[in-house]
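# Analysis of the macromolecular model
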Amino acid sequence: MLLITPDMKLADVVNVNYLLIPVINRFDIPLGFGDKSVEQVCCERGVNVEFFTTIINVFNHESYFPQERMLSFDALELVRYLRRTHEYYRNTLLPQLERHFDRLMASVSGDSKETLLIKKFFADYKNELLAHLRREDTITFPYVEAIYRRQRTEEVAASYSMKKFEAEHSNLDEKLYDLKSILIKYAQSEYDGYLRNTVIFDLFRLEKDLKDHNRIEDDILTPIVEKMERAHV
């Protein structure tokens, strides 16, 4: 397994896996970094280089997940990263997917039962994902920030906890899998083949990103905050 290290040129990291570009952007690092190393760019942008390389490697290698090291990360740093990931889903990935999906649906004349079902399934999934992101942005992350700053009052503690987050944390994996399966199995020749493939590729990319995102929330953020909760009792 080739791990990305601080001394590697960041341009070489992109060449290793171009799908890392949006992950790099979540650290407020745009393209155009020349021949600078990962460490040089991180220092210039005020980014924790260990946190950056760990997250990049998690997304680059499905089997790479150094939980013990990640549990030492700063909770606010994690929340900042997770918020930027939500922005990427809301402002970039979902709008792009929806544009491609709308063009795919428009490539079929009329609204058959099959087309209406696919449209409804997509709309339901999109709305549920947006609601999921909004709930974390407005409830979970502010709670984490409050407890980090030792502002977990009795009222706040009674209204929310990471146990509630774990219970409420909806798993959208199955619905996303079902949506992909519908398009793979049942979107037949009357659909534009190029657009159908584009939508399916977008869905696979979203699925991969969400899987890694959820692992960080469930296996890293949750135990870190639960430890802070116990310290505040």
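A quick note: this is a predicted structure, and the numbers were derived from the prediction, not measured.

### Quick notes on the packing of helix H7 (residues 113-148) against helix H10 (residues 173-186)
- Contact pair H7 / H10: the axes reach a minimum separation of 10 Å and the direction vectors enclose 155°. Relative to H10, the element H7 lies roughly antiparallel. As for how H7 packs across H10, the hand of that crossing is left-handed. Along its contact with H7, which presents Glu114, Ile118, Phe121, Phe122, Tyr125 and Glu128, the element H10 presents Lys175, Leu176, Asp178, Leu179, Ile182, Leu183 and Tyr186.
- In terms of residue class, the contact of H7 with H10 is built from 9 nonpolar, no polar and 4 charged.

### With respect to the packing of aromatic side chains
- With the rule as written, the count across this model stands at 7 aromatic pairs.
- With a centroid separation of 5.0 Å and an interplanar angle of 70°, the aromatic rings of Phe27 and Phe52 are classed as edge-to-face. On the criterion of sequence distance, the pair formed by Phe27 in the loop between helix H2 (21-25) and helix H3 (38-45) and Phe52 in helix H4 (residues 49-60) is long-range, its members being 25 residues apart.
- Note on Phe52: relative accessible area 1%, which makes it buried.
- These aromatic residues form a ring-pair network of at least three members: Phe27, Phe51, Phe52, Phe73 and Tyr81.

### Brief notes about the environment of Asn127
- Among the secondary structure elements, Asn127 is positioned in helix H7.
- Overall, the relative accessible area of 45% leaves Asn127 in the partly exposed class.
- Taking the C-alpha atoms as reference points, Asn127 and Glu114, separated by 13 residues in sequence, lie 20 Å from one another.

### What about H7?
- For H7, spanning 36 residues, the distance from its first C-alpha to its last is 51 Å, which sits close to the expected 52 Å at 1.5 Å a residue.
- Where H7 bends most, at Glu136, the angle is about 35°.
- Following H7 by one or two positions, Arg150 adopts a phi angle in the positive range, close to 60°.

### Remarks on the packing of H3 against H4
- Two elements in contact, H3 and H4, have axes separated by 9 Å at closest approach and are oriented at 125°. Put simply, H3 runs oblique to H4. Of the two elements, H3 crosses H4, and the hand of that crossing is right-handed. Seen from H3, the contacting residues are Val38, Glu39 and Cys42; seen from H4, they are Val49, Phe52 and Thr53.
- Residues that form the contact of H3 with H4 fall into these classes: 4 nonpolar, 1 polar and 1 charged.

### A word on the environment of Thr115
- With respect to the secondary-structure elements, Thr115 resides in helix H7.
- Thr115 sits in the buried class, given a relative accessible area of 0%.
- Spatially, the C-alpha atoms of Thr115 and Ala187 are 8.4 Å apart, while their sequence positions differ by 72 residues.
- Look past the residues within four positions of Thr115 in its chain and what remains in contact with it is Met105, Val108 and Tyr191.
- Looking at Thr115, its side chain comes within polar contact range of the side chain of Tyr191, at 3.0 Å.

### Some remarks on the side chain of Glu229
- Within the secondary structure, Glu229 is located in helix H11 (residues 193-232).
- Since its relative accessible area comes to 9%, Glu229 is described here as buried.
- In terms of polar contacts, Glu229 uses its side chain to reach the side chain of Tyr143, at 2.5 Å.
- Within polar-contact distance, the side chain of Glu229 engages the backbone nitrogen of Met162 at 3.0 Å.

### Remarks on the pattern of salt bridges
- Overall, the coordinates contain 16 salt bridges when judged by the stated rule.
- Residues Asp209 and Arg26 are paired through a salt bridge, measuring 2.7 Å at the closest nitrogen-oxygen approach. Residue Asp209 is found in helix H11, and its partner Arg26 is found in the loop between H2 and H3; the two are separated by 183 residues along the sequence. Grouping residues by exposure puts Asp209 and Arg26 together as buried.
- Arg45 serves as the salt-bridge partner of Asp28, at 3.5 Å between the closest nitrogen and oxygen. With Asp28 in the loop between H2 and H3 and Arg45 in helix H3, the pair connects residues that are 17 residues apart, well separated along the chain.
- Exposure remark for Asp28: the relative accessible area of 44% places this residue in the partly exposed category.
- By relative accessible area, which is 40% here, Arg45 ends up partly exposed.
- Through salt bridges that share partners, Lys208, Asp212 and Arg215 make up one connected network.

Rules and cut-offs
Residues numbered from 1 in each chain as written. Predicted model: local features only at pLDDT ≥ 70, side-chain atom pairs only at ≥ 80, totals over all residues. Heavy atoms only, no water. Axes fitted to C-alpha atoms, helices over the stretch in contact; angles between N-to-C directions. Helix = DSSP H or I, 4+ residues; strand = E, 2+ residues; numbered from the N terminus. Parallel < 35°, antiparallel > 145°, perpendicular 65-115°, else oblique. Left-handed = near helix turned anticlockwise from the far one by under 90°. Contact = heavy atoms within 4.5 Å. Nonpolar A, V, L, I, M, F, W, Y, C, P; charged D, E, K, R; others polar. Phe/Tyr/Trp six-rings, centres within 6.5 Å; stacked < 30°, edge-to-face > 60°. Buried < 20%, exposed > 50% of the residue type's maximum accessible area, 1.4 Å probe, protein only. Expected span 1.5 Å × (residues − 1). Bend = angle between axes of the 7 residues up to and from the residue. Polar contact = N/O pair within 3.5 Å; in protein donor to acceptor, adjacent residues only side chain to side chain. Salt bridge = Lys/Arg side-chain N within 4 Å of Asp/Glu carboxyl O.

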